[in-house]
Number of protein chains: 4
Amino acid sequence: MLFIGVIGNGDCSPAVAAVAEEVGRRLAERGAAVVCGGLGGVMEAACRGAKSAGGLTIGILPGDSRCHANRYVDIPIVTGLGEARNVLVVKSAQAVVAVGGKYGTLSEIAVALKNGVPVVGINTWRLQRDDRWDVGIEVAGTPGEAVERAISLARERT
Amino acid sequence: MLFIGVIGNGDCSPAVAAVAEEVGRRLAERGAAVVCGGLGGVMEAACRGAKSAGGLTIGILPGDSRCHANRYVDIPIVTGLGEARNVLVVKSAQAVVAVGGKYGTLSEIAVALKNGVPVVGINTWRLQRDDRWDVGIEVAGTPGEAVERAISLARERT
Amino acid sequence: MLFIGVIGNGDCSPAVAAVAEEVGRRLAERGAAVVCGGLGGVMEAACRGAKSAGGLTIGILPGDSRCHANRYVDIPIVTGLGEARNVLVVKSAQAVVAVGGKYGTLSEIAVALKNGVPVVGINTWRLQRDDRWDVGIEVAGTPGEAVERAISLARERT
Amino acid sequence: MLFIGVIGNGDCSPAVAAVAEEVGRRLAERGAAVVCGGLGGVMEAACRGAKSAGGLTIGILPGDSRCHANRYVDIPIVTGLGEARNVLVVKSAQAVVAVGGKYGTLSEIAVALKNGVPVVGINTWRLQRDDRWDVGIEVAGTPGEAVERAISLARERT
């Protein structure tokens, strides 16, 4: 089974949630498990999408209680690590889809790229160093494109 | 679904492994998922037992690679945290069964007791403070007894 | 410079605090820095003792704010890791003095012993496996004895 | 005492090292302690600069041994957390100076901005979201400017 991370903000617009939900649903349809931070916003939408297609969802939680997981999480991992749990979401994924996102998502993208975990982004950060655009994040235009690319990149690694 | 931790040494005798395997098998028969550290010894035996009965196994790994999980782990969580991952095994479980164990297992028992996670022990540590025996660890004589007690204690908490 | 951990409960009796304070003072007099969890009880008393003798104190905090450090901490390390920070207190010390303590202290003792960090205990846990007493913790009768032993054991390792 | 983080790559050019060394020296001259990841490259250069001016240096190490600290680290914190230790470097600092840097540094910048820790950058990442430049990182042209700005921002927070 492939494990694909879905990262994004814990508080997001309905439009962003719709994208995340489709990402989750398509991952499940392709037989991949969703790994995420287990809370609301993009995380909840991705889990909801995955469950709508009978998928498996793993939520790696920052706090000390499984009660904080959104209702679509099958496997809650309780870390008590606060934000340091972001590193675990990324390392436990074979590829990551970033949907929108703020600074927390940026930190996950950076950890993924540092660790060689492929990142596919939809409307997410663009990064520049020394006046050159960084090409670490693969840009996808649609949830379907993002999911196909993430699964393909994850398979190349195994 | 209940999540029950199984903790013990990563390198154990065949007799201890047989106990851990029966613990894993019985947990799966009761519908509980096995949460463990994902490596060898007691962890591998518990996962093997769980899979023999069609159960679900979660391995919270200390290193940076999913490759280090034993072959019976369904859901590898890659932490890169080293021994600090022991805290996550305990916090992600609703009760813990300790089988034998050395200092690493003792640290997990202590974290569990500190966090109010019930601990059932088979041939494990006994603890004394101020010349009095600590009664935090419930003692079980057999794998069957340990599993029934752990499930019962986990249910009381939810 | 030697770094010696002082571990114990965050909420302790005046008698236990007096012991911890003397441990901290004697460590400072011997030129060793105190490493601790940075909060109250034994941690605060040890830091107060160290500062009374012009020592250096390091507090490895579980929360997200340096404001939670006791007032005698010179170097607050802010981890946000919750209890997983206990592992860091132990690993950052070259030997550890345990003063009294409950389950949290037991987890630190266990992590220390697992990692080969010497542990000297004053009125702390006694551990038994297979009906035999574990001799990992060196027992000291007084703060002075504990400090001399801890410094000696730390020096042997370097 | 102010604690200012210096972040950047563990392997850097002599030109970048010279910048980091001047940042460290100027922080020490202003009475601020340097908090860093304790290894080579920018971290070592910043510590060397700080020590040349009699400053205090704290190295929060990813591995399990204090031996991996560069020789200019006064206070080694041994975490065993791998990359998750980056979060601790940032949280233990009252402001952060980023010198150059790759994906690891980017993750630290992101964690800092998420937590409200001010970031001053010298030749580091530029970030864009929704075709707008993110203004979270304050840009400094020289080490002197970066240090003055970081100290000023850190003071505003206390």
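These numbers come from a predicted model, not from an experiment.

1. Examining the overall build of chain A
Line of reasoning, step 1. Counting its secondary structure elements, chain A contains five helices and nine strands.
Line of reasoning, step 2. Along chain A, helices (α) and strands (β) appear in the sequence β-α-β-α-β-β-α-β-α-β-β-β-β-α when read from the amino end.
Line of reasoning, step 3. For chain A, the C-alpha radius of gyration of 14 Å lies close to 15 Å, the compact-globule estimate for 158 residues.
Line of reasoning, step 4. Each principal axis of the C-alpha atoms in chain A carries an extent, and together these give about 45 × 35 × 30 Å.

2. Considerations on the packing of helix α1 (residues 14–29) of chain A against helix α2 (residues 42–52) of chain A
All names here are of chain A.
Line of reasoning, step 1. In the contact formed by α1 and α2, the axes pass within 6 Å of each other and the chain directions differ by 40 degrees. Judged on the interaxial angle alone, α2 and α1 are oblique. Note that α1 runs across α2; the crossing there is right-handed. In contact with V16, A17, A20, E21, G24, R25 and A28 of α1, α2 contributes V42, A45, A46, R48, G49, A50 and S52.
Line of reasoning, step 2. Counted by class, the contact of α1 with α2 contains eight nonpolar, three polar and three charged residues.

3. Remarks on the interface of chain D and chain A
Line of reasoning, step 1. The interface of chain D with chain A comprises 26 residues on the first partner and 26 residues on the second.
Line of reasoning, step 2. Three residues stand out in chain D for area buried against chain A, namely E83(D), Y103(D) and R129(D), and they jointly supply 29% of the buried area on that side.
Line of reasoning, step 3. Counting the contacts that link chain D with chain A gives four salt bridges.
Line of reasoning, step 4. The salt bridge partner of E83(A) is K114(D), with a shortest N-O separation of 3.8 Å.

4. What about empty space enclosed by the protein?
In this approach, a probe sized like a water molecule rolls over the atoms, and the result shows the empty space that is left.
Line of reasoning, step 1. Evaluation of the coordinates by the stated rule reveals two cavities of 30 Å³ or more.
Line of reasoning, step 2. Taken together, 15 residues line the largest cavity, and the ones lying closest to its centre are V87(B), V111(B), E83(C), N86(C) and S107(C).
Line of reasoning, step 3. Here the second largest cavity defines a volume of roughly 80 Å³.
Line of reasoning, step 4. Among the secondary structure elements, those contributing two or more residues to the lining of the second largest cavity are α3 (85–91) and α4 (103–114) of chain A together with α3 (85–91) and α4 (103–114) of chain D.
Line of reasoning, step 5. Looking at side-chain class alone, the lining of the second largest cavity contains five nonpolar, four polar and two charged residues.

5. Some words on the sheet that holds strand β3 (residues 57–61) of chain B
Residue and element names in this part refer to chain B.
Line of reasoning, step 1. A sheet is described by the order of its strands in space; here seven strands give the open sequence β4-β3-β2-β1-β5-β6-β9, paired in parallel fashion. The sheet is open, and its two edges are formed by β4 (75–78) and β9 (137–139), each paired on a single side. The mean angle between the axes of side-by-side strands here comes to 25 degrees, regardless of whether they run parallel or antiparallel.
Line of reasoning, step 2. Note that strand β2 (residues 33–36) and β3 share three bridges and pair parallel. Across the sheet, residue V34 finds its bridge partner in β3, namely T57.
Line of reasoning, step 3. This element, helix α1 (residues 14–29), spans β1 (3–8), β2, β5 (95–99) and β6 (119–122) of the sheet and lies at about 155 degrees to β5.
Line of reasoning, step 4. Seen against the sheet, helix α5 (residues 143–157) touches β1, β5, β6 and β9 and runs at an angle of roughly 175 degrees to β6.

6. Observations regarding the nonpolar core
General note: in soluble globular proteins, nonpolar side chains tend to be found buried as a group.
Line of reasoning, step 1. Counting 118 residues, the largest nonpolar core has I58(A), I58(B), I58(C) and I58(D) as its most contacted members.
Line of reasoning, step 2. Once you skip the residues sitting within four places of it in the chain, I58(C) turns out to touch F3(C), A33(C), V34(C), V35(C), C36(C), V73(C), I75(C), I77(C), I75(D) and I77(D).

7. Here's the deal with unusual backbone geometry
Line of reasoning, step 1. Even without being glycine, D130(A) reaches a positive phi, approximately 50 degrees.
Line of reasoning, step 2. Secondary-structure assignment places D130(A) in the loop between β7 (126–129) and β8 (132–133).
Line of reasoning, step 3. The phi dihedral of N123(C) is positive, around 50 degrees, even though this residue is not glycine.
Line of reasoning, step 4. In this structure, N123(C) sits in the loop between β6 (119–122) and β7 (126–129).
Line of reasoning, step 5. The class for N123(C) is exposed, based on a relative accessible area of 60%.

8. Topic: the state of the cysteines
Line of reasoning, step 1. Enumeration according to the criterion identifies zero disulfides over all chains in this entry.
Line of reasoning, step 2. A disulfide-free cysteine, C67(A) has its sulfur positioned 16 Å from the sulfur of C47(A), the nearest such atom.
Line of reasoning, step 3. By relative accessible area, which is 66% here, C67(A) ends up exposed.
Line of reasoning, step 4. Lacking any disulfide linkage, C12(C) is separated from the closest cysteine sulfur, that of C36(C), by 12 Å.
Line of reasoning, step 5. For C12(C), a relative accessible area of 24% translates into the label partly exposed.

9. Details of the relation of the copies chain A and chain B
Line of reasoning, step 1. Rotating chain A by 180 degrees and moving it 0.0 Å along the rotation axis overlays it on chain B with an RMSD of 0.0 Å. These values place the two chain copies in the arrangement generated by a two-fold rotation axis.

10. Details of the interface of chain A and chain B
Line of reasoning, step 1. Listed by partner, the interface residues are 19 residues for chain A and 19 residues for chain B.
Line of reasoning, step 2. Summing both sides of the interface, chain A and chain B together bury roughly 1,600 Å²; the carbon and sulfur share of this comes to 62%.
Line of reasoning, step 3. Summed over the shared surface of chain A and chain B, the number is two salt bridges.
Line of reasoning, step 4. Here K91(A) ties to D64(B) by a salt bridge, and the two come within 2.6 Å at their closest N and O atoms.
Line of reasoning, step 5. The interface formed by chain A and chain B includes six residue pairs in polar contact (both at pLDDT 80 or more).
Line of reasoning, step 6. Where the side of chain A that touches chain B is concerned, the elements lending two or more residues are β3 (57–61), β4 (75–78) and α3 of chain A.
Line of reasoning, step 7. The element that contributes the greatest number of residues to the side of chain A that touches chain B is β4(A), accounting for four residues.
Line of reasoning, step 8. Residues that form the side of chain A that touches chain B fall into these classes: 11 nonpolar, four polar and four charged.

11. Some remarks on the relation of the copies chain D and chain A
Line of reasoning, step 1. Aligned on chain A, chain D shows an RMSD of 0.0 Å; the corresponding rotation is 180 degrees and the shift along the axis is 0.0 Å.
Line of reasoning, step 2. Mapped onto chain A, 100% of the interface residues of chain D again fall at the interface, so both copies present the same surface.

12. Topic: the environment of T124(B)
Line of reasoning, step 1. Mapped onto the secondary structure, T124(B) falls in the loop between β6 and β7 (126–129).
Line of reasoning, step 2. When the C-alpha positions of T124(B) and A50(B) are compared, they lie 21 Å apart, and in sequence the two are 74 residues distant.
Line of reasoning, step 3. Discounting chain neighbours no more than four positions away, the residues touching T124(B) are A98(B), G100(B), I109(B), I137(B), Q128(C) and R129(C).
Line of reasoning, step 4. From its side chain, T124(B) meets the backbone oxygen of G100(B) in a polar contact 2.7 Å long.

13. Points about the sheet that holds strand β1 (residues 3–8) of chain C
All names here are of chain C.
Line of reasoning, step 1. Taken in spatial order, the seven strands make up an open sheet running β4-β3-β2-β1-β5-β6-β9, and their pairing is parallel. Of all the strands in the sheet, the pair left with one neighbour each is β4 (75–78) and β9 (137–139). Taken pair by pair, the neighbouring strands of this sheet meet at an average axis angle of 25 degrees, ignoring direction.
Line of reasoning, step 2. Two elements, β6 and β9, share three bridges in a ladder whose sense is parallel.

Calculation notes
- Residues numbered from 1 in each chain as written.
- Chains lettered and ligands numbered in written order.
- Predicted model: local features only at pLDDT ≥ 70, side-chain atom pairs only at ≥ 80, totals over all residues.
- Heavy atoms only, no water.
- Helix = DSSP H or I, 4+ residues; strand = E, 2+ residues; numbered from the N terminus.
- Rg over C-alpha atoms; globule rule 2.2 N^0.38 Å.
- Axes fitted to C-alpha atoms, helices over the stretch in contact; angles between N-to-C directions.
- Parallel < 35°, antiparallel > 145°, perpendicular 65-115°, else oblique.
- Left-handed = near helix turned anticlockwise from the far one by under 90°.
- Contact = heavy atoms within 4.5 Å.
- Nonpolar A, V, L, I, M, F, W, Y, C, P; charged D, E, K, R; others polar.
- Buried area = accessible area lost by both parts, 1.4 Å probe.
- Salt bridge = Lys/Arg side-chain N within 4 Å of Asp/Glu carboxyl O.
- 1 Å grid on protein atoms, 1.4 Å probe; cavity = no way out; pocket = protein on both sides within 12 Å on 5 of 7 lines; lining within 4 Å.
- Points joined across faces, edges and corners; volume = space filled by probe spheres on them.
- Pairing = 2+ DSSP bridges.
- Core = buried A, V, L, I, M, F, W, Y, C linked by side-chain atoms within 4.5 Å.
- Buried < 20%, exposed > 50% of the residue type's maximum accessible area, 1.4 Å probe, protein only.
- Disulfide = S-S within 2.5 Å.
- Least-squares fit on C-alpha atoms with pLDDT ≥ 70 in both.
- Polar contact = N/O pair within 3.5 Å; in protein donor to acceptor, adjacent residues only side chain to side chain.

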